[in-house]
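# Descriptive analysis of the structure
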Amino acid sequence: MGWFDKYCEKCGMKVDKKTAPQRFGKYFCSEKHAEEYVSDIDNKGKRSPEQQCGG
Ligand SMILES: [Zn+2]
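Residues numbered from 1 in each chain as written. Predicted model: local features only at pLDDT ≥ 70, side-chain atom pairs only at ≥ 80, totals over all residues.

### Some remarks on the overall build of the protein chain
Definition in use: Here a helix means four or more residues in a row that DSSP labels H or I, a strand means two or more in a row labelled E, and each is numbered from the N terminus. Residue burial here comes from a neighbour count, namely the number of other C-beta atoms, placed from the backbone, that lie within 10 Å of the residue's own C-beta, with 20 or more meaning buried, 12 or fewer meaning exposed, and in between meaning partly exposed. Whether two residues are in contact is decided by their C-beta atoms, placed from the backbone, lying within 7 Å.
What the protein chain contains, in helices and strands, is 1 helix and 4 strands. From first element to last, N terminus to C terminus, the protein chain shows the α and β order β-β-β-β-α. Out of the 55 residues belonging to the protein chain, those deemed buried represent 13%. Taking the contacts inside the protein chain whose residues are at least 6 apart along the sequence as the reference set, 10% of them involve residues at least 24 apart.

Next up, the structure:
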C-alpha cells in the first residue's frame, strides 16, 4: 500500500511520512523547506489584515 503519498509543500518532491518534517500538518522534503514555508506564511500574515472580533 501507499497510494496516498505525500509531497513537499514547497517543491513538490515526494516525501516519506515517517521521516519527513511537518509544519501545520503539511509534509516537507527537508527542514529547510519546512522553515521556508513557515516564514512564507509569516510574511503573508503581516501583509493581510487579520479579522478580529472586537469585544
Ligand atoms: Zn521540498
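Okay, back to it.
### Considerations on the nonpolar core
A general trend in soluble globular proteins is that nonpolar side chains are found buried together. Stated precisely, the cut-off is as follows: A set of buried residues qualifies as a nonpolar core if it consists of Ala, Val, Leu, Ile, Met, Phe, Trp, Tyr and Cys joined through C-beta atoms within 7 Å.
Counting residues in hydrophobic clusters, the biggest one holds 6 residues: Val15, Ala20, Tyr27, Phe28, Cys29 and Ala34. Those residues in contact with Val15 that lie beyond four places of it in its chain are Lys6, Tyr7, Cys8, Ala20, Tyr27, Phe28 and Cys29.

### Some points on the environment of Phe24
Tracing the sequence through the fold places Phe24 in the loop between strand E3 (22-23) and strand E4 (26-27). Judged by C-beta crowding, with 9 C-beta atoms within 10 Å, Phe24 ranks as exposed. As for Phe24 and Val38, which are separated by 14 residues in sequence, their C-alpha atoms are 8.7 Å apart.

### Quick word on the environment of Glu31
Mapped onto the elements of the fold, Glu31 is located in helix H1 (residues 31-47). According to the C-beta neighbour criterion, Glu31 is exposed, with 11 such atoms within 10 Å. Separated by 10 residues in the primary sequence, Glu31 and Pro21 have C-alpha atoms spaced 6.0 Å apart.

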